[in-house]
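Below are the chains, spelled out letter by letter.
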Number of protein chains: 2
Amino acid sequence: MEEETMIRVVFLGTSGSVPTRERGLPSLYIEFRGNRLLFDCGEGTQRQMRIAGLPFMKIDKIFITHFHADHCLGLGGLIQTLDLFKRQKKLEIYGPQGTEEVIKKVITTGHFILEGFDLEINEIDTRGITQIVAERDYSVWAAPLNHSVPCLGYRFEERKRRKFLKKRALEFGVPEGPLFGRLQDEEDNKIGSKVIRADDVLGPPRAGRRVTYISDTRPCKRGVELASHSDVLIHEATLSEEERASAIQGKHSTAKEAATVAKKAGVKELYLTHISQRYDDTSELEREARRVFKRTKVAKDFDTIEL
Amino acid sequence: MEEETMIRVVFLGTSGSVPTRERGLPSLYIEFRGNRLLFDCGEGTQRQMRIAGLPFMKIDKIFITHFHADHCLGLGGLIQTLDLFKRQKKLEIYGPQGTEEVIKKVITTGHFILEGFDLEINEIDTRGITQIVAERDYSVWAAPLNHSVPCLGYRFEERKRRKFLKKRALEFGVPEGPLFGRLQDEEDNKIGSKVIRADDVLGPPRAGRRVTYISDTRPCKRGVELASHSDVLIHEATLSEEERASAIQGKHSTAKEAATVAKKAGVKELYLTHISQRYDDTSELEREARRVFKRTKVAKDFDTIEL
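None of these values were measured; they are calculated from a predicted model.

Cut-offs used in this document
- Residues numbered from 1 in each chain as written.
- Chains lettered and ligands numbered in written order.
- Predicted model: local features only at pLDDT ≥ 70, side-chain atom pairs only at ≥ 80, totals over all residues.
- Heavy atoms only, no water.
- Axes fitted to C-alpha atoms, helices over the stretch in contact; angles between N-to-C directions.
- Helix = DSSP H or I, 4+ residues; strand = E, 2+ residues; numbered from the N terminus.
- Left-handed = near helix turned anticlockwise from the far one by under 90°.
- Contact = heavy atoms within 4.5 Å.
- Polar contact = N/O pair within 3.5 Å; in protein donor to acceptor, adjacent residues only side chain to side chain.
- Buried < 20%, exposed > 50% of the residue type's maximum accessible area, 1.4 Å probe, protein only.
- Pairing = 2+ DSSP bridges.
- Right-handed = clockwise from strand over helix to strand, strands pointing away.
- Salt bridge = Lys/Arg side-chain N within 4 Å of Asp/Glu carboxyl O.
- Buried area = accessible area lost by both parts, 1.4 Å probe.
- Nonpolar A, V, L, I, M, F, W, Y, C, P; charged D, E, K, R; others polar.
- Core = buried A, V, L, I, M, F, W, Y, C linked by side-chain atoms within 4.5 Å.

Draft legend 1. Quick peek at the packing of helix 11 (residues 255-265) of chain B against helix 12 (residues 283-290) of chain B. Residues and elements named next belong to chain B. Closest axis-to-axis distance for the helix 11/helix 12 pair is 8 Å, and the angle between their directions is 40 degrees. Pair helix 11 / helix 12 crosses with right-handed handedness. Residues Ala255, Lys256 and Ala259 of helix 11 form the contact with helix 12, whose participating residues are Leu285, Glu288 and Ala289.

This is the structure we're talking about:
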């Protein structure tokens, strides 16, 4: 049961601009109830997925924040590998203006003809916060950020669910297993001739959990709105406050600024990512952010959040 | 002195087609007397160079064997990083037919405009073995291989040199250091008012050392000719003899076939690379090759040869 409702987030690359010995280029994996999503796909992502032991063949959708090289140059390799390994299922790709052109280039670089599966390309043009994916178990929302090129933040959101009353279900004689999930999906069910009503084992509705990914951007109002009440906010923190002038110039955020977004948005936990290669030691970034928002961590490659 | 004339070869990626936990995609680094060359540039090469601590900013020339994704998709990231870090020096790129088109695509994917340095693109169209680079210290030769797409093998060759008689030089009062190199370059030199003639400290000419890189191909006559009398032959060995039918179909070589090329070419040492992801354990590939050519090793990522 816990496994079935777990949202698993894996950091596949936590560096910004260039990879380092310790950090790969941006990519974030979210798995929930058999749905597998990738956010950003920097060079090397397919290898990071293999190292992490993730089922890269089963990715359903890829969301690209923007088309700076560090966030998207792993797409070509990943798509070609999926085709080599005989993927047949459609792959959905979402991104800002320019998505179609980039995908067209990466799948025609060198001797390659995509044959085995379809790509569904969704170019998102939005000024506000928009729901761009609505699935049975979750939705994804996008909002424009404030970077030097068109850039989107994304929020993964669990479908609003009623609390499952496990003790009550066991009292009704429901065995642990798939039936739990079906009841939680508000389906009535039978055990033998006995009808088990979802209403009898479900409590009041509760908000779906939220994981928000914001990279790259200056801190901005849209980012705060998108992240509102997230269980986890993953925010870029390329530089420290000391380098704020550079952050402004490159349209990035400092650790302190990311923490301010987390605080304003009322999130539960903040993870900093997209760390500049200049920081071998990230403890100062973490300290700086924690002075504003205590529940902050600097993410490392392969860190996993389970919620 | 030893350092100055050392040819250093570093394996940056030894997998074929797809990266694995242990092996990155094809790339090979050769450094000799301050010249730094890259052969192939699979996805992730820039990171592998950083992990190996190699000076990727100082690469002079890149040679691509062919334009299957695994051999070239690291070019975009590497070039963009060089530009980000303010490279100014021209970068030379060599490859078979199609090089220009691929490079044009990889440097225009996403929001990127190459501003800081020039690319010199050399498309090699050859039916035989051709010298494509002639520098003061070395030359590079190319030959067409037998793969499913246009593909070149490359031979790095030290300029033919006279043996340096170190003991004799010391007797003449030449101090160890840069003067050794200048004398070896057949320049006469002065220490104070004393003229040291190169002829006095140099022995008879000896053949330049050779390092040959052959990937991807069926075993072929041109490969044997290119590799002739190499000190080191690096040859693809995607599969074992057991999978020979697949090797033929994909236009690859088995370990045994690579060993046969090494034997026919009379090389000193053979390193197998471009290993299929199916081999967690490569000892059988090594054994298979050694039955034909004893001085064989299966290369691992970051293995370094110094000769």
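Draft legend 2. Representation of the side chain of Asp231(B) within the structure. Residue and element names in this part refer to chain B. Mapped onto the elements, aspartate 231 comes out in the loop between helix 9 (221-227) and strand 15 (232-236). At a separation of 3.1 Å, a polar atom in the side chain of aspartate 231 contacts the side chain of lysine 268. Look past the residues within four positions of aspartate 231 in its chain and what remains in contact with it is Arg209, Arg210, Lys268, Glu269 and Leu307.

Draft legend 3. Region of the structure containing the pairing of strand 14 (residues 210-214) of chain A. Residues and elements named next belong to chain A. With 5 of its 5 residues buried, strand 14 lies for the most part within the structure. On strand 14, burial covers both faces: Arg210, Thr212 and Ile214 on one face and Val211 and Tyr213 on the other are all buried. Inspection of the sheet shows strand 9 (residues 152-158) paired to strand 14 by 4 bridges, in the antiparallel sense. Bridging across to strand 14, arginine 155 finds its partner in threonine 212. Examined bridge by bridge, strand 14 and strand 15 (residues 232-236) share 4 bridges and lie parallel to one another. Within the sheet, the bridge partner assigned to isoleucine 214 lies in strand 15 and is histidine 235. Assessed by its sense of winding, the connection that carries the chain from strand 14 through helix 9 (residues 221-227) to strand 15 is right-handed.

Draft legend 4. Just the environment of Gly181(B), in detail. All names here are of chain B. On the secondary structure map, glycine 181 appears in helix 7 (residues 178-184). Counting along the chain gives 17 residues from glycine 181 to phenylalanine 164, while the straight-line C-alpha distance between them is 9.1 Å. The contacts of glycine 181, once residues within four sequence positions are left out, are Glu4 and Arg33.

Draft legend 5. Looking closely at the pattern of salt bridges. Taken as a whole and assessed by the stated rule, the structure comprises 56 salt bridges over all chains. Glu284(A) is the salt-bridge partner of Arg287(A), the closest N and O atoms lying 3.1 Å from each other. Note that Arg287(A) and Glu284(A) are positioned in helix 12 (residues 283-290) at a spacing of 3 residues, about one turn of the helix. The closest approach of N and O atoms between Arg155(B) and Glu157(B), which form a salt bridge, is 3.0 Å. When sorted by exposure, Arg155(B) lands in the same class as Glu157(B), which is buried. One connected set of salt bridges, linked through shared partners, spans Arg33(A), Arg136(A), Asp137(A), Arg159(A) and Asp185(A).

Draft legend 6. Examining the interface of chain B and chain A more closely. Of the residues lining the interface, 40 residues belong to chain B; the matching set on chain A comes to 40 residues. Summing both sides of the interface, chain B and chain A together bury roughly 3200 Å²; the carbon and sulfur share of this comes to 55%. The largest contributions to the chain B side of the interface with chain A come from Glu43(B), Arg47(B) and His111(B), which together make up 22% of the buried area. Counting across the interface, chain B meets chain A through 0 salt bridges. Along the contact surface separating chain B from chain A lie 22 residue pairs in polar contact (both at pLDDT 80 or more). Per-element tally for the side of chain B that touches chain A: the top contributor is helix 2 (residues 45-51) of chain B, with 6 residues. Classifying every residue of the side of chain B that touches chain A gives 13 nonpolar, 19 polar and 8 charged.

Draft legend 7. Focus on the sheet that holds strand 4 (residues 61-63) of chain B. Residues and elements named next belong to chain B. Pairing within the open sheet is mixed, and its 7 strands lie in the order 6-5-4-3-2-1-18. On the outer flanks of this sheet lie strand 6 (119-123) and strand 18 (304-306), each paired with one strand and no other. Going across the sheet, the axis of each strand differs from the next one's by a mean of 15 degrees, ignoring polarity. Taken together, the 3 bridges between strand 3 (residues 35-39) and strand 4 define a ladder with parallel strand orientation.

Draft legend 8. How the structure looks around the nonpolar core. All names here are of chain B. Ranked by size, the top nonpolar core spans 28 residues in total, and within it Tyr29, Leu38, Met49, Ile62, Leu75, Leu91 and Leu119 carry the most contacts. Mapped onto this core, the elements with two or more residues apiece are strand 1 (7-13), helix 3 (69-72), helix 4 (75-84), strand 5 (91-95) and helix 5 (99-106). Ranked by residue count, the leading element in this core is helix 4, at 4 residues. Leucine 38 has contacts with Leu12, Ser27, Leu28, Tyr29, Thr45, Met49, Ile59, Lys61, Ile62, Phe63 and Leu78, leaving out every residue within four places of it along the chain.

Draft legend 9. Region of interest: unusual backbone geometry. A cis amide bond links Ser215(A) to the next residue, Asp216(A), at an omega of -5 degrees. With respect to the element layout, Asp216(A) can be found in the loop between strand 14 and helix 9. Its identity is not glycine, yet Phe302(B) carries a phi of approximately 75 degrees, on the positive side. Its location among the elements puts Phe302(B) in the loop between strand 17 (296-298) and strand 18. On the basis of relative accessible area, Phe302(B) is assigned to the partly exposed category, the value being 32%.

Draft legend 10. Quick look at the sheet that holds strand 16 (residues 269-273) of chain A. All names here are of chain A. Spatially, 7-8-9-14-15-16-17 is the arrangement adopted by the 7 strands of the open sheet, whose pairing is mixed. Both outer strands of the open sheet, strand 7 (130-134) and strand 17 (296-298), are each paired with one neighbouring strand and no more. The sheet shows a mean angle of 20 degrees between the axes of neighbouring strands, direction not considered. As defined by bridge partners, strand 16 adjoins strand 17 across 3 bridges and the pair is classed as parallel. Note that in strand 17 the partner of leucine 270 across the bridge is threonine 296. Sitting on the sheet, helix 12 is in contact with strand 16 and strand 17, with an inclination near 165 degrees to strand 17.

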